[in-house]
Amino acid sequence: MSFEHLDSPKLKRFQRKVTLLSAAGTFLDGFDLTVIAVAMPLILNQWDIGPGLQGLITSSAVIGSLIGALWLGNLTDKFGRKAMYVVDLLAFVVFAALTAFAQAPWQLILFRFLLGIGIGADYPISATLVSEFSSTKSRGKHSTSLGAMWFVGAVTAYLVGILLVPVGPSAWRYMLMVGAVFALIVFFFRVTLPESPRWLASRGREKEAEEIMLKITGQKVAIPLASASKTKFSHVFSKTLFKRTFFVCGFWFCYAVAYYGISMYTPTILKPFTDGSQMMVYMGSGTVSLLGLLGAIVGTNLVERIGRRPLIITSFTGLSIALIILALNPTPTLSFLVILFSLAVLFANMGGGILNFVYPTELFPTSIRASASGLATGVSRIGSIMGILVFPNLVAAWGNSKALWFFAVISLIGLIISALLAPETKGKRLEDLNNESTSNFDHSPNGENHGKMA
């Protein structure tokens, strides 16, 4: 099939453009989800907010992203990648701006929730578009770069926080407004991208797919009528695909519980060890976030070298060990916490934090790719919410070190799921992966799969 033309080296520049604009979206995801943790100490100084309300403010965008991923991911398969790719950026612009003008906690919660719908939608939309335009050999690197840019956004949130702290009590409003400015810039560039020819073919619109292939490759490409697919979303729960569905939802859920439980409260955890210095809190938290970015960069450079399976197993192994060491120390120092939290997020992001943009888009047919990715994103948001809301209660009941055992156990479950179910997809065309039978797909290191999808 004619999509082999997308493997041409001549398309590298175009593919980099698609990846860059998609990664700009995940940059915004990382920025907007992290900036609330940066802003929270200032919000607490300005408003009288109890632990329950604080948890709602922190988690509202994540709750919104659960709905956005499930709802708009499905609409992306119905109405197209490009339409939703542009529309969801409008949510970033409008609602990020409104959060900056919130006059009461309930307004901040509402606007953050609506912003979260756009954030959740961007995961399956961007990851799907990148996977469908990338070449077979570079698909993993392009897709994992989306994950890496999430952490660039997270680091940027801390840098913006450090720069704006001198502004005074209202600095948190400016922090939130920066996200709207970034989103507006990305919006104007995204409208220039074409629709995915793979999606058009899956909807029986072969002529339009051929026109786009001609435009981007410079070659006339014949796409057969048989390329249209009638696969329904419910097929993700069928015997054929259930193992893949359980795997992508399972490992992403475990990663999200551990990562969000730690990262959203890093400033809060470190604050008692900084002698009241807000700048030290941001510096320590920013260091942890920076090491998380480093882990994502390392993973991006290894994904096409050692493969997906070894990377995700190594990731959960390192995360589990770091969390166990943290949990075993009831009287940590600031340096100990920063170093161990940094190692934890480095390993977490080296595999789980970037392969969540790869596996969901590689293991499902084109006609339900965004829906399946949206489902996995939605399940991960449940994990994120769980991590955010459960952690403060566990700390209150058990203390920091004992509470971390919860995340260590979750990480170990992620390791078991990955060891048993993670397939190797490196170097395989999307169409070939779609045709492989999941009932027989091999989990051995060489990743050789057998059989055809029914």
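Cut-offs used in this document
Residues numbered from 1 in each chain as written. Predicted model: local features only at pLDDT ≥ 70, side-chain atom pairs only at ≥ 80, totals over all residues. Heavy atoms only, no water. Helix = DSSP H or I, 4+ residues; strand = E, 2+ residues; numbered from the N terminus. Rg over C-alpha atoms; globule rule 2.2 N^0.38 Å. Buried < 20%, exposed > 50% of the residue type's maximum accessible area, 1.4 Å probe, protein only. Contact = heavy atoms within 4.5 Å. Areas by Shrake-Rupley, 256 points an atom, 1.4 Å probe, with all protein chains shown as cover. Axes fitted to C-alpha atoms, helices over the stretch in contact; angles between N-to-C directions. Parallel < 35°, antiparallel > 145°, perpendicular 65-115°, else oblique. Left-handed = near helix turned anticlockwise from the far one by under 90°. Nonpolar A, V, L, I, M, F, W, Y, C, P; charged D, E, K, R; others polar. Expected span 1.5 Å × (residues − 1). pLDDT = per-residue confidence, 0-100. Core = buried A, V, L, I, M, F, W, Y, C linked by side-chain atoms within 4.5 Å. Salt bridge = Lys/Arg side-chain N within 4 Å of Asp/Glu carboxyl O. Disulfide = S-S within 2.5 Å. Phe/Tyr/Trp six-rings, centres within 6.5 Å; stacked < 30°, edge-to-face > 60°. Patch = residues over 30% accessible without salt bridge, like charges linked within 9 Å, V, L, I, M, F, W, Y side chains within 5 Å.

Draft legend 1. Representation of the overall build of the protein chain within the structure. Within the protein chain one finds 18 helices and zero strands. Taking 22 Å as the expected radius of gyration for a compact globule of 454 residues, we find that the protein chain reaches 21 Å, a close match to that expectation. For the C-alpha atoms alone, the extent of the protein chain along its principal axes is close to 65 × 45 × 35 Å. In the protein chain, which comprises 454 residues, the share counted as buried stands at 63%. Residue pairs at least 24 apart in sequence account for 82% of intrachain contacts in the protein chain once pairs closer than 6 positions are excluded. Accessible surface, the protein chain as shown: approximately 17000 Å² in total, 69% of it carbon and sulfur.

Draft legend 2. Seen up close, the packing of helix H4 (residues 105-133) against helix H16 (residues 369-398). For the pair H4 and H16, the least separation of the axes is 9 Å and the interaxial angle reads 140°. Viewed along their axes, H4 and H16 adopt a mutual orientation that is oblique. Seen from above, H4 lies across H16 with right-handed handedness. Counted together, Gly-120, Tyr-123, Pro-124, Thr-128, Ser-131 and Glu-132 of H4 and Arg-369, Ala-370, Ser-373, Gly-374, Thr-377 and Arg-381 of H16 form the full contact between these two elements. Among the residues forming the contact of H4 with H16, the class breakdown is three nonpolar, six polar and three charged.

Draft legend 3. Structural detail: helix H9 (residues 242-263). Between its terminal C-alpha atoms H9 stretches 31 Å, which fits the 32 Å expected from 22 residues at 1.5 Å a residue. In terms of burial, H9 is a largely internal element, 18 of the 22 residues being buried.

Draft legend 4. Just the confidence of the model for the protein chain, in detail. For the protein chain, mean pLDDT is 85; residues scoring 70 or higher make up 93% of the total. In this model residues 437-454 is a low-confidence stretch, pLDDT under 50, and it forms 46 contacts with partners more than four residues away in sequence or in other chains.

Draft legend 5. Highlighting the nonpolar core. Counting 117 residues, the largest nonpolar core has Phe-247, Val-248, Phe-251, Leu-355 and Tyr-359 as the members making the most contacts within it. Take this core: its biggest share by element is 13 residues, from H9. Contacts of Phe-247, omitting those with residues within four sequence positions, involve Ile-312, Tyr-359, Leu-363, Ile-417, Ser-418, Leu-421, Ala-422 and Pro-423. Among the nonpolar cores identified, the runner-up in size contains 24 residues, and Val-38, Leu-42, Trp-47 and Ala-157 belong to it.

Draft legend 6. Focus on the pattern of salt bridges. Taken as a whole and judged by the stated rule, the model has 11 salt bridges. Across the pair Glu-362 and Arg-308 runs a salt bridge whose closest N-O atoms are separated by 2.6 Å. With a gap of 54 residues between them, Glu-362 in helix H15 (residues 359-362) and Arg-308 in helix H12 (residues 308-328) connect regions that are remote in the sequence. The exposure classification of Glu-362 matches that of Arg-308, with both residues buried. Through salt bridges with shared partners, a single ionic network connects Asp-77, Arg-81, Glu-132 and Arg-369.

Draft legend 7. Structural view of the state of the cysteines. One pass over the full model with this rule turns up zero disulfides. Its sulfur unpaired, Cys-249 is 11 Å from the next cysteine sulfur, which belongs to Cys-254.

Draft legend 8. Focus on the packing of aromatic side chains. For the structure on display, the rule yields 16 aromatic pairs. Judged by centre distance (5.3 Å) and plane angle (70°), the ring pair of Trp-47 and Trp-172 falls under edge-to-face. Placement of the pair is Trp-47 in the loop between helix H1 (12-46) and helix H2 (51-79) and Trp-172 in helix H6 (residues 171-190), with a sequence separation of 125 residues. Residue Trp-172 is classed as buried on the basis of its relative accessible area, which comes to 0%.

Draft legend 9. Structural detail: a nonpolar patch on the surface. On the surface, Val-181, Leu-184, Ile-185, Phe-188 and Phe-189 cluster together to form a nonpolar patch covering roughly 500 Å² of accessible area. Looking at the secondary structure, you find Phe-189 in helix H6. Under the relative-accessibility criterion, Phe-189 is labelled exposed at 51%.

Draft legend 10. A look at the environment of Lys-220. Within the fold, Lys-220 resides in the loop between helix H8 (206-217) and H9. For the pair Lys-220 and Glu-4, spaced 216 residues apart in sequence, the C-alpha separation works out to 13 Å.

Draft legend 11. Region of interest: the side chain of Thr-128. As for its position among the elements, Thr-128 is in helix H4. In this structure Thr-128 comes out as buried when scored by relative accessible area, which is 0%. Other than its neighbours up to four places away in sequence, Thr-128 contacts Arg-81, Thr-361, Arg-369, Ala-370 and Ser-373.

Draft legend 12. Just the environment of Ile-109, in detail. Structurally, Ile-109 can be placed in helix H4. Every residue in contact with Ile-109, bar those within four places of it in the chain, is listed here: Leu-53, Leu-56, Ile-57 and Ser-60.

Draft legend 13. Structural view of the packing of H9 against H12. Contact geometry for H9 and H12: axes closest at 12 Å, N-to-C directions at 35°. In this structure, the crossing between H9 and H12 has a hand that is left-handed. Counting all contacts with H9, which are made through Phe-247, Phe-251, Cys-254, Tyr-255, Ala-258 and Ile-262, the residues of H12 involved are Ile-312, Phe-316, Leu-319 and Leu-323. The residue makeup of the contact of H9 with H12, split by class, is 10 nonpolar, no polar and no charged.

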